[in-house]
Amino acid sequence: MFASILFVLISFVCVAQSTPPPPMPPPPPGLPIDGGVLAGLFLGVFIGVRKLLKR
């Protein structure tokens, strides 16, 4: 009886020792922000010039 319990416990330990998954690839580099920054800059200049011309 002791041998069967030991066999069951050892089989659980052997099943639990699976290989870990491979490491995740590194994240992609950050996205460029130049498109949005330039659009915001042009929009701000446009609104500023329009307000200055209304004075």
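Whatever comes next refers back to the structure up there.
Residues numbered from 1 in each chain as written. Predicted model: local features only at pLDDT ≥ 70, side-chain atom pairs only at ≥ 80, totals over all residues. Heavy atoms only, no water.

Let us look at the overall build of the protein. Each helix and strand in the protein was counted, giving two helices and zero strands. The buried share of the protein, taken over its 55 residues, is 0%. Put simply, the protein shows about 5700 Å² of open surface, and 78% of that area lies on carbon and sulfur atoms. (Helix = DSSP H or I, 4+ residues; strand = E, 2+ residues; numbered from the N terminus. Buried < 20%, exposed > 50% of the residue type's maximum accessible area, 1.4 Å probe, protein only. Areas by Shrake-Rupley, 256 points an atom, 1.4 Å probe, with all protein chains shown as cover.)

A cluster of nonpolar side chains, Met1, Ile5, Phe7, Val8, Leu9 and Phe12, forms an exposed patch at the surface whose accessible area comes to about 710 Å². As for its position among the elements, Leu9 is in helix α1 (residues 2–16). (Patch = residues over 30% accessible without salt bridge, like charges linked within 9 Å, V, L, I, M, F, W, Y side chains within 5 Å. Salt bridge = Lys/Arg side-chain N within 4 Å of Asp/Glu carboxyl O.)

That's the geometry; what it means functionally is another story.
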